[in-house]
Amino acid sequence: MKKLCLYFLLACLSAALLAAAAAGGAWFWVNRALDLPAEKVEFIVAPGSTPRAVARAMKEAGIPIWEDGFAWLARLSERDKLIKAGGYEARAGDSPWRLLDRLARGDMVQRQITFLEGWTYAQFRQALRANPDIKQTLGDIGDAALMARLDSPIKEPEGLFFPDTYVFTPGTSDFDLLRRAYQQQQQVLAEIWAERQPDLPLDTPYEALILASIIEKETGHGPERTRVAGVFVNRLRLGMMLQTDPSVIYGMGERYQGRIRRADLQADTPWNTYTRAGLPPTPIAAAGRASLLAAVQPERHKYLYFVSRGNGTSEFSANLSEHNRNVTRYILGRDR
């Protein structure tokens, strides 16, 4: 009987020692720094990932994580319910616990992409395709289909995405970024339209966007934006052709090779403001806030013409004879 009790005590002691060893080993694994292949290793957690799927994503990125252990750690700590999808990084010195805590807090790495003022929609899409941190989902989707996904009443995407710098996490989709830029444009346009002058020859915010895109392409000199806007507003009031070269260039598409010839000014397209009166049917580029504001708050003056001085600024005139003299001076290089 004594031997039986002794065996039982020894068994209990062994079990306790094994449990203690297991607990110690688990504690050691949970808090031990991982042997990373680099100072920082990035990985992406897909939406709806289980803790095991997260561990698998880390392993595929080169992080030597124990999948079963990480999954149990996440569940026992109840952090499995807090893991957020997005882009993360493991850093030198990180332990499994520190990694799990970062995932639960949503401490993601960030990237940024900049869409420039004056860019066309095609340039927006090219920038998205060229960025390796952006998930490509749009493929060859058509313009009308894209705008339908955005719930936009306008089928043409040109000019409808606000030029700005957008911060995102790796793995964000191209559509999500375009949606943000579209929503930002709608918000900015609504704010600026509410500040418009009361007697503008513009009936809708979209028309203001079209005019702003022309202003954006016509001048890079900030102080002149409202004056250039005033020229086009004066022409619209009088029913004059806008005769703006950037819209002609836009209508030429790939035919434009750096020069506009007389034949190009005479070749009719929906965007040729030398052959068609009024505003073109769509914007010709992405307009920034300053150009949008200039379109709805143009300078009040009598100018109907302007010509580039060749230094980034323009010479303005109120009649054709003055304009011709300015063309002779600044374009042809003659004083008379």
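(A) Molecular detail of the overall build of the protein chain. Looking only at helices and strands, one finds 13 helices and six strands in the protein chain. Rg of the C-alpha trace for the protein chain: 31 Å, well past the compact-globule value of 20 Å for 336 residues, more than 25% over. Taken along its principal axes, the extent of the C-alpha atoms in the protein chain is 125 × 40 × 35 Å. A total of 336 residues make up the protein chain; the buried ones form 40% of that total. Taking the intrachain contacts of the protein chain between residues at least 6 apart in sequence as the baseline, contacts between residues at least 24 apart amount to 62%. Total accessible area on the protein chain is roughly 18500 Å²; 53% of this is exposed by carbon and sulfur atoms. On the protein chain, the mean spot of the 42 positive side-chain charges and the mean spot of the 38 negative ones are 3 Å from each other.

(B) Focus on helix 2 (residues 51-60). Every buried residue of helix 2 is listed here: Pro51, Val54, Ala55, Ala57 and Met58. The buried side chains of helix 2 occupy one side of the element, clustering within an arc of 155 degrees when seen end-on.

(C) Structural view of the environment of leucine 82. As for its position among the elements, leucine 82 is in the loop between helix 3 (67-76) and strand 2 (86-91). Taking the C-alpha atoms as reference, leucine 82 lies 7.4 Å from arginine 105; in sequence the two are 23 residues apart. Once residues lying within four places of it in the same chain are set aside, the contact partners of leucine 82 are Leu103 and Ala104.

(D) Molecular detail of the side chain of glutamate 89. Relative to the assigned elements, glutamate 89 resides in strand 2. Taking relative accessible area as the criterion, glutamate 89 reaches 9% and is therefore assigned buried. Separated by 3.0 Å, the side chains of glutamate 89 and arginine 91 make a polar contact. Glutamate 89 has contacts with Lys40, Val41, Glu42, Phe43, Asp94, Leu99, Arg102 and Val109, leaving out every residue within four places of it along the chain.

(E) Spatial organisation of the pattern of salt bridges. Scanning the model with the defined rule gives 21 salt bridges in all. Close ionic contact of aspartate 176 with arginine 179 constitutes a salt bridge, the shortest N to O distance being 2.5 Å. Placement of both aspartate 176 and arginine 179 in helix 7 (residues 174-193) is noted, with a separation of three residues, approximately one turn of the helix. Residue aspartate 176 is classed as partly exposed on the basis of its relative accessible area, which comes to 26%. Ionic pairing is found between arginine 225 and glutamate 216, a salt bridge with its closest N-O pair at 3.8 Å. The exposure class assigned to glutamate 216 is buried, which follows from its relative accessible area of 11%.

(F) A look at unusual backbone geometry. Of note, the phi angle at glutamate 78 is positive, near 60 degrees, even though the residue is not glycine. Along the polypeptide, glutamate 78 turns up in the loop between helix 3 and strand 2. The backbone phi angle of glutamine 243 is positive, close to 45 degrees, even though this residue is not glycine. Looking at the secondary structure, you find glutamine 243 in the loop between helix 9 (225-238) and helix 10 (245-252). Residue classification places glutamine 243 among the partly exposed positions, given a relative accessible area of 36%.

Thresholds applied
- Residues numbered from 1 in each chain as written.
- Predicted model: local features only at pLDDT ≥ 70, side-chain atom pairs only at ≥ 80, totals over all residues.
- Heavy atoms only, no water.
- Helix = DSSP H or I, 4+ residues; strand = E, 2+ residues; numbered from the N terminus.
- Rg over C-alpha atoms; globule rule 2.2 N^0.38 Å.
- Buried < 20%, exposed > 50% of the residue type's maximum accessible area, 1.4 Å probe, protein only.
- Contact = heavy atoms within 4.5 Å.
- Areas by Shrake-Rupley, 256 points an atom, 1.4 Å probe, with all protein chains shown as cover.
- Lys, Arg positive; Asp, Glu negative; His and termini not counted.
- Charge placed at Lys NZ, Arg CZ, Asp CG, Glu CD.
- Arc of directions from axis to C-beta.
- Polar contact = N/O pair within 3.5 Å; in protein donor to acceptor, adjacent residues only side chain to side chain.
- Salt bridge = Lys/Arg side-chain N within 4 Å of Asp/Glu carboxyl O.

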